[in-house]
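# Structure at a glance
As a plain string of letters, each chain reads:
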Amino acid sequence: MEILSEGAKELGIRLTSLQLDQFETYFGELADWNQRMNLTSVVGYVEVQVKHFLDSLTVVLAFPGGLGGLESVIDVGAGPGFPGLPLKLVYPDLRLALVESVGKKTDFLKHLVSTLGLSGVEVHTGRAERLAHQPELREAFDLVVTRALARLPVLAEYTLPFCVTGGVMVALKHGGIDAELAGAAHALEALGGRMRKVTPVEVTGLTDNRILVVVDKIGSTPERFPRRPGIPAKRPL
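Right, let's walk through the structure included here. (Residues numbered from 1 in each chain as written. Predicted model: local features only at pLDDT ≥ 70, side-chain atom pairs only at ≥ 80, totals over all residues. Heavy atoms only, no water.)

Below, the discussion takes up the pairing of strand 7 (residues 210-217). Within a regular strand, the side chains alternate between the two sheet faces. Of all eight residues making up strand 7, eight are buried, and the element is well covered by its neighbours. Residues Arg-210, Leu-212, Val-214 and Asp-216 point to one face of strand 7 and Ile-211, Val-213, Val-215 and Lys-217 to the other, with burial holding for every one of them. Two strands pair when backbone bridges link them, and strand 5 (residues 163-174) and strand 7 are joined in this way by seven bridges, in the antiparallel orientation. Counterpart to His-174 in the pairing with strand 7 is Arg-210. Here strand 6 (residues 193-200) pairs with strand 7 via seven bridges, running antiparallel. For Arg-194, the partnering residue across the bridge sits in strand 7 and is Asp-216. (Buried < 20%, exposed > 50% of the residue type's maximum accessible area, 1.4 Å probe, protein only. Helix = DSSP H or I, 4+ residues; strand = E, 2+ residues; numbered from the N terminus. Pairing = 2+ DSSP bridges.)

To continue, consider helix 2 (residues 17-34). In this model, helix 2 (18 residues) spans 25 Å end to end at C-alpha, consistent with the 26 Å of a helix rising 1.5 Å per residue. Of the positions making up helix 2, those classed as buried are Gln-19, Gln-22, Phe-23, Tyr-26, Phe-27, Glu-29, Leu-30, Trp-33 and Asn-34. On its buried side, helix 2 packs onto helix 1 (2-10), helix 3 (45-57), helix 4 (84-90) and helix 5 (103-116). (Expected span 1.5 Å × (residues − 1). Contact = heavy atoms within 4.5 Å.)

Turning our eyes to something else, we now look at the layout of surface pockets. If you add up the space inside the largest pocket, you get close to 620 Å³. As for the largest pocket, its lining consists of 32 residues, of which Gly-77, Gly-79, Arg-147, Ala-148 and Leu-149 are closest to the centre. Elements with a contribution of two residues or more to the lining of the largest pocket: helix 3, strand 2 (95-100), helix 6 (128-131), strand 5 and strand 7. Grouping the constituent residues of the lining of the largest pocket by class yields 13 nonpolar, nine polar and 10 charged. (1 Å grid on protein atoms, 1.4 Å probe; cavity = no way out; pocket = protein on both sides within 12 Å on 5 of 7 lines; lining within 4 Å. Points joined across faces, edges and corners; volume = space filled by probe spheres on them. Nonpolar A, V, L, I, M, F, W, Y, C, P; charged D, E, K, R; others polar.)

On to helix 1. Where helix 1 is concerned, the buried positions are Leu-4, Ser-5, Gly-7 and Ala-8. Where the residues of helix 1 are buried, they touch helix 2 and helix 3. Following helix 1 by one or two positions, Gly-12 has its phi on the positive side, about 80 degrees.

Our next topic: the packing of aromatic side chains. Counted according to the given criterion, the structure contains six aromatic pairs. Measuring from centroid to centroid gives 5.4 Å for Tyr-26 and Phe-82, while their planes differ by 15 degrees, and the two rings are stacked. In this pair, Tyr-26 sits in helix 2 while Phe-82 sits in the loop between strand 1 (72-76) and helix 4, placing the two residues 56 residues apart along the sequence. Residue class for Tyr-26 comes out buried when judged on its relative accessible area of 0%. Residue classification places Phe-82 among the buried positions, given a relative accessible area of 3%. (Phe/Tyr/Trp six-rings, centres within 6.5 Å; stacked < 30°, edge-to-face > 60°.)

Here we take up the pattern of salt bridges. Pairing between side chains of opposite charge can happen when their charged atoms approach one another. One pass over the full model with this rule turns up 13 salt bridges. Ionic pairing is found between Glu-129 and Arg-127, a salt bridge with its closest N-O pair at 2.9 Å. Overall, the relative accessible area of 3% leaves Glu-129 in the buried class. The partner of Arg-196 in a salt bridge is Asp-216, and the shortest N-O contact between them spans 2.8 Å. (Salt bridge = Lys/Arg side-chain N within 4 Å of Asp/Glu carboxyl O.)

Now for the environment of Leu-181. Of note, Leu-181 is situated in helix 8 (residues 178-183). Not counting residues up to four positions away in its chain, the partners in contact with Leu-181 are Leu-152, Met-195, Val-198 and Val-213.

Another point: the side chain of Glu-129. Along the polypeptide, Glu-129 turns up in helix 6. A distance of 2.9 Å separates a polar atom in the side chain of Glu-129 from a polar atom in the side chain of Arg-127. A distance of 3.1 Å separates a polar side-chain atom of Glu-129 from the backbone nitrogen of Gly-230. Excluding anything up to four places from it in sequence, Glu-129 contacts Tyr-158, Pro-226, Arg-227, Arg-228, Pro-229, Gly-230 and Pro-232. (Polar contact = N/O pair within 3.5 Å; in protein donor to acceptor, adjacent residues only side chain to side chain.)

This is the structure in structure tokens:
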């Protein structure tokens, strides 16, 4: 995990030997399970360190002091755990929820959480549109993170209902989305969000124009959002 270790230093993160061992275990389990089911197309040892683990940790760029001041994070559309689980390994005191609609992927996540011996992690199988209406999850998290899930107007409806007023949503995306950002203004306003900034990611190895879209939650999301499963994607705000 030398590449991950060196890349993390660029983000101001110094990984301990225990954390590097945990990432090594993560890679091994991901590679093993991926032989039986399609968890990710990125499977090489170096690729996983850069494109999954290090990419996940770039969320810290949205927070000059790191994530140490946060209590809770939810990863919406977690897939095989990115970016939520790498953040949990670096900040073990965080309460983490992982939301994923595909049962085989949540089976992997539950196995991985058990294998790594992690506490304070919940895995939820289901659509974000339904889970965001559950009282224990609605507006319950300081930080909502998501990666490669949808265009921003749709993404906002999936994510902001989970975020407390005063919290933050961070979306890991690629640059060149000026029109998408402009088109999200109405959705953000309707959902209680406000664009804070777009942060370029400049870390060795991450060369495909990565950015972080950072949205502040400035007001409560109206109860009618998110709409029924499938509607946000079919009829974006």
